[in-house]
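Each chain, letter by letter, is given below.
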Amino acid sequence: MTLTDRMEAAGASMAGRAQKVILRANLAMIAMIVIHDTDHVRQASNWCYTIGLQLWLVNIAVYVPSLIALALLWRGRGAGVATMVNGLLVAAAFSEVHLWRPSIPVWGIWNDNFFILGADRISWTILALTVLVGALVTAAGAYALGLQWAARRSDAGLPHAS
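Residues numbered from 1 in each chain as written. Predicted model: local features only at pLDDT ≥ 70, side-chain atom pairs only at ≥ 80, totals over all residues. Heavy atoms only, no water.

1. Looking at the overall build of the protein
And then number 1: Counting its secondary structure elements, the protein contains 6 helices and 0 strands.
And then number 2: A burial count over the protein gives 38% of its 162 residues as buried.
And then number 3: For the protein, the computed accessible surface area is about 9,400 Å², with 69% contributed by carbon and sulfur atoms. (Helix = DSSP H or I, 4+ residues; strand = E, 2+ residues; numbered from the N terminus. Buried < 20%, exposed > 50% of the residue type's maximum accessible area, 1.4 Å probe, protein only. Areas by Shrake-Rupley, 256 points an atom, 1.4 Å probe, with all protein chains shown as cover.)

Structural data, given as structure tokens:
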């Protein structure tokens, strides 16, 4: 096997690993949001609050960045950046809504922050994990971009920066 062949194989391996990282990161983000939403259903039940159809429909927007990143992964371009943006948006938006107040008050009872609502330890833990997963998804997107950059350099026969 020539040096060129080995570099091309390494590039393909890195590109494949980048795709797996992006896929797993976005699926983890979707799973974490599902857990977060499940906790809101639990909260609503405990507070005798009915989550209306409008709130369910608005909540779909939270899943859109992950779905866009996955669509871009399938398309073959832009998924790493979309994954980074997804993680940042989730971490920042969930922090804003639950620790301060939402910029757009469309979240029903959750227009008040967790301090005012008296959220329990379960909800605080799930919120912290959601923000952490958002940060990790951002890091995963950056890592995947690095892998993709290295793969392109390998495919082009260029040396890696040391």
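Still more ground to cover, so stick around.
2. What to know about the pattern of salt bridges
And then number 1: Applying the stated criterion to the full structure yields 2 salt bridges.
And then number 2: For Arg42, the salt bridge identified is with Asp39, shortest N-O distance 2.7 Å. Placement of the pair is Arg42 and Asp39 together in helix α1 (residues 3-46), with a separation of 3 residues, close to one helical turn.
And then number 3: Given the relative accessible area of 25%, Arg42 is considered partly exposed. (Salt bridge = Lys/Arg side-chain N within 4 Å of Asp/Glu carboxyl O.)

3. Side note on helix α3 (residues 64-75)
And then number 1: A rise of 1.5 Å per residue sets the reference length of α3, with its 12 residues, at 16 Å; its end C-alpha atoms lie 16 Å apart and thus fit the reference within 8%.
And then number 2: Listing the buried residues of α3 in full gives Pro65, Ser66, Ala69, Leu70 and Leu73. Viewed along the axis of α3, the buried residues span an arc of 135 degrees, placing them on a single side of the element. Residues of α3 that are exposed and angled more than 90 degrees away from the buried face: Trp74 and Arg75.
And then number 3: Two residues or fewer past α3, Gly76 is found with a positive phi of approximately 100 degrees. (Expected span 1.5 Å × (residues − 1). Arc of directions from axis to C-beta.)

4. Notes on the packing of α3 against helix α4 (residues 79-100)
And then number 1: Contact geometry of α3 with α4 gives a least axis separation of 8 Å together with a crossing angle of 170 degrees. Taken together, the axes of α3 and α4 lie roughly antiparallel to each other. For the pair formed by α3 and α4, the contact residues are Pro65, Ser66, Ala69, Leu72 and Leu73 on the first element and Ala79, Ala82, Thr83, Asn86 and Leu89 on the second.
And then number 2: Looking at the contact of α3 with α4, its residues break down into 7 nonpolar, 3 polar and no charged. (Axes fitted to C-alpha atoms, helices over the stretch in contact; angles between N-to-C directions. Parallel < 35°, antiparallel > 145°, perpendicular 65-115°, else oblique. Contact = heavy atoms within 4.5 Å. Nonpolar A, V, L, I, M, F, W, Y, C, P; charged D, E, K, R; others polar.)

5. Remarks on the side chain of Ser66
And then number 1: Following the sequence through the fold, Ser66 ends up in helix α3.
And then number 2: By relative accessible area, which is 0% here, Ser66 ends up buried.
And then number 3: Excluding anything up to four places from it in sequence, Ser66 contacts Asn26, Met29, Ile30 and Asn86.

6. Observations concerning the nonpolar core
And then number 1: Judged by nonpolar contacts, the single largest core of 34 residues is most densely connected at Met29, Ile33, Phe94, Trp107 and Trp110.
And then number 2: Elements with a minimum of two residues in this core: α1, α3, α4, α5 (114-117) and α6 (121-155).
And then number 3: Per-element tally for this core: the top contributor is α1, with 10 residues.
And then number 4: Apart from the residues within four sequence positions on either side, Met29 is in contact with Ser66, Asn86, Val90, Thr130, Val133, Gly134 and Val137. (Core = buried A, V, L, I, M, F, W, Y, C linked by side-chain atoms within 4.5 Å.)

7. Regarding a nonpolar patch on the surface
And then number 1: Taken together, Val41, Leu53, Trp56, Leu57, Ile60, Val64 and Ile68 make up a surface patch of nonpolar side chains, about 650 Å² in accessible area.
And then number 2: Going through the elements one at a time, α2 (53-59) and α3 are the ones with two or more residues in the nonpolar patch.
And then number 3: Top contributing element to the nonpolar patch by residue count: α2, with 3 residues.
And then number 4: With respect to the helices, strands and loops of the structure, Trp56 is situated in helix α2. (Patch = residues over 30% accessible without salt bridge, like charges linked within 9 Å, V, L, I, M, F, W, Y side chains within 5 Å.)

8. Here's the deal with the packing of aromatic side chains
And then number 1: One pass over the structure, following the stated rule, counts 4 aromatic pairs.
And then number 2: Where Trp47 meets Trp110, the ring centres are 6.5 Å apart and the plane angle is 40 degrees; that geometry is what we call tilted. One end of the pair, Trp47, is in the loop between α1 and α2; the other, Trp110, is in the loop between α4 and α5, with 63 residues separating them in the sequence.
And then number 3: Residue class for Trp110 comes out buried when judged on its relative accessible area of 4%.
And then number 4: Note on Tyr49 and Trp110: the rings are 5.6 Å apart at their centroids and 90 degrees apart in plane angle, and the pair reads as edge-to-face. Within this pair, whereas Tyr49 is found in the loop between α1 and α2, its partner Trp110 is found in the loop between α4 and α5, the two being separated by 61 residues in sequence. (Phe/Tyr/Trp six-rings, centres within 6.5 Å; stacked < 30°, edge-to-face > 60°.)

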